[in-house]
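Each chain, written out:
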Amino acid sequence: MSYSRRNFLKFTALLSGMPLVAKTQGLSPSPSLKFIHITDSHMDLQDRDSVEAVELAVKHINTNYKEIDFVLFGGDNFNNNVPGDKDARKFYEITSKLHCPAYFVAGNKEVSPKPANDKQSFDDFFAMFVTPKKELLISGRDWALEKNGYYILGLNSNIDHQNNGRYTQKTIAFAKKILDKNKPTVILNHHPYLNYWKGTEEKDLHKYVLNNIKEVQKELFSYKNLILTLSGHKHIDNISHINDTLAITTRGFIRPLDMDQYPMRYIELSNTNITQKLIYT
């Protein structure tokens, strides 16, 4: 008998995850902002379960989180392993059914098409998922959203046709330009900033941790108003601090807790407080 990924999962489970509240310092109060972070959904047209999982997430959010302002998708949204843009269009079609806006950054999958000679590229991803959103300030491969007194920065940390990542000088300069506005700011990207799983293999660290992290920590994490970063890529959940910044890597959506319980992170910014918890469909 053959089994799908879902068949290996048990039928029952308990939801888990207690909220964590972090207080930021030295910033003027802002209205609240509520949103959900989903990363590494790896939707694959050759795996019907993965398509249904994304559909389930949209239905769950529309039913249970009607008050949120938007959803952030953190990369490796689809596996980009079919000719052309069929999977990109399917992912766009599903997420367009959300009751609120959705904002996207790419992961290494979106910049590494299979087969490798496929013409689908980062520019195609950007043109479909980012450029049409007129509320975004776009700079090269990056974007910024101002909402309720906060800035959300969507930064590209990918290298075309590679699974490792780094920020370019243009990306760092754009981030600093937004941070200089001295408003509480959240960065959304794909590659994490820390070796939080305590890996020891150089190849593993090169793949998963942002390659120019020392430079980035010096240039960006010195800002007091950088209150939160949201990453993915490793699929392992983690909450850490880098200086005054809460650095979160959300568990990969592709790693369900149990049958049909796919992980996402609910986040609320209220004045100077950050409240977050891992939730499941």
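Criteria and thresholds
- Residues numbered from 1 in each chain as written.
- Predicted model: local features only at pLDDT ≥ 70, side-chain atom pairs only at ≥ 80, totals over all residues.
- Heavy atoms only, no water.
- Axes fitted to C-alpha atoms, helices over the stretch in contact; angles between N-to-C directions.
- Helix = DSSP H or I, 4+ residues; strand = E, 2+ residues; numbered from the N terminus.
- Parallel < 35°, antiparallel > 145°, perpendicular 65-115°, else oblique.
- Left-handed = near helix turned anticlockwise from the far one by under 90°.
- Contact = heavy atoms within 4.5 Å.
- Nonpolar A, V, L, I, M, F, W, Y, C, P; charged D, E, K, R; others polar.
- Buried < 20%, exposed > 50% of the residue type's maximum accessible area, 1.4 Å probe, protein only.
- Pairing = 2+ DSSP bridges.
- Salt bridge = Lys/Arg side-chain N within 4 Å of Asp/Glu carboxyl O.
- Polar contact = N/O pair within 3.5 Å; in protein donor to acceptor, adjacent residues only side chain to side chain.
- Right-handed = clockwise from strand over helix to strand, strands pointing away.

A.B. asks: Help me out: how do you make sense of the packing of helix α1 (residues 48-64) against helix α2 (residues 86-95) in this one?
C.D. replies: For any two helices packed against each other, one specifies the crossing angle of their axes together with the interaxial distance. For the pair α1 and α2, interaxial distance at closest approach is 9 Å and the crossing angle is 25 degrees. Here α1 lies roughly parallel to α2, going by the angle between them. Handedness of the crossing formed by α1 with α2: right-handed. Of the residues in α2, those touching α1 at Val51, Val54, Glu55 and Val58 are Lys90, Phe91, Ile94 and Thr95. Classifying every residue of the contact of α1 with α2 by side-chain character gives five nonpolar, one polar and two charged.

A.B. asks: Hey, could you run me through unusual backbone geometry in this one?
C.D. replies: One non-glycine residue, aspartate 76, lies in the positive phi region at around 50 degrees. Its location among the elements puts aspartate 76 in the loop between β3 (70-73) and α2. Assessed through its relative accessible area of 3%, aspartate 76 is described here as buried. With a phi angle near 60 degrees, aspartate 260 is a residue other than glycine that sits in the positive phi range.

A.B. asks: What's the story with the pairing of strand β6 (residues 142-147) in this structure? I'm lost.
C.D. replies: One face of the sheet, then the other: side chains in a regular strand alternate in exactly this way. Examined bridge by bridge, strand β5 (residues 137-139) and β6 share three bridges and lie antiparallel to one another. For serine 139, the partnering residue across the bridge sits in β6 and is aspartate 142. Here β5 folds back onto β6, and the loop between the two strands holds two residues, one of which, glycine 140, carries a positive phi near 60 degrees. As defined by bridge partners, β6 adjoins strand β7 (residues 150-154) across five bridges and the pair is classed as antiparallel. Among the inter-strand pairings, alanine 144 is bridged to a residue of β7, identified as leucine 153. Linkage of β6 to β7, two consecutive antiparallel strands, is achieved through a turn of two residues, within which asparagine 148 is found at a positive phi near 55 degrees.

A.B. asks: How should I be thinking about the sheet that holds strand β11 (residues 245-249) in this particular structure?
C.D. replies: Two orientations exist for strands paired in a sheet by backbone hydrogen bonds: parallel and antiparallel. In space, the seven strands of this open sheet follow the order β5-β6-β7-β8-β9-β11-β10, with mixed pairing throughout. The open sheet terminates on both sides in strands that have one partner only, identified here as β5 and β10 (238-242). In this sheet, adjacent strand axes meet at a mean angle of 20 degrees when their direction is disregarded. Sheet analysis places strand β9 (residues 226-231) next to β11, joined by four bridges and oriented parallel. Each bridged residue has a counterpart across the sheet, and for leucine 228 the counterpart in β11 is leucine 246. Of the strands in this sheet, β5, β6, β7, β8 (185-188) and β9 are in contact with helix α4 (residues 169-179), which crosses β6 at around 15 degrees.

A.B. asks: Is there a simple way to explain the side chain of histidine 60 in this structure?
C.D. replies: Tracing the backbone through its elements, the reader meets histidine 60 in helix α1. Residue histidine 60 is classed as buried on the basis of its relative accessible area, which comes to 17%. The contact partners of histidine 60, leaving out residues within four places of it in the chain, are Tyr65, Met264, Tyr280 and Thr281.

A.B. asks: Honestly, the pattern of salt bridges in this entry has me stumped. Any pointers?
C.D. replies: Pairing between side chains of opposite charge can happen when the charged atoms of each approach one another. With the rule as written, the count across this model stands at 10 salt bridges. A salt bridge links arginine 89 to aspartate 85, with the nearest nitrogen and oxygen atoms 2.8 Å apart. Among the ionic pairs, aspartate 160 bridges to arginine 141, the shortest N-O distance being 3.1 Å. Taken as a pair, aspartate 160 in the loop between β7 and α4 and arginine 141 in the loop between β5 and β6 lie far apart in primary sequence, 19 residues in all. Residue classification places aspartate 160 among the partly exposed positions, given a relative accessible area of 35%. Three or more residues joined by partner-sharing salt bridges are found here, namely Arg48, Glu52 and Glu55.

A.B. asks: Which parts of the structure should I look at to understand the environment of asparagine 79?
C.D. replies: Here asparagine 79 is to be found in the loop between β3 and α2. Distance in space between the C-alpha atoms of asparagine 79 and lysine 114 is 8.6 Å, their sequence separation being 35 residues. Leave out the neighbours within four places in its chain, and asparagine 79 touches His42, Met43, Asp44, Asp87 and Lys109. A polar side-chain atom of asparagine 79 sits 2.8 Å from a polar atom in the side chain of histidine 42.

A.B. asks: What is the right way to look at the pairing of β3 in this model?
C.D. replies: Burial of the side chains of β3 extends over both faces: Phe70 and Leu72 are buried on one face and Val71 and Phe73 on the other. The sheet contact formed by strand β2 (residues 33-38) and β3 spans four bridges and is parallel. Paired with isoleucine 36 across the strands is valine 71, a residue of β3. Read from β2 through α1 to β3, the crossover connection turns out right-handed.

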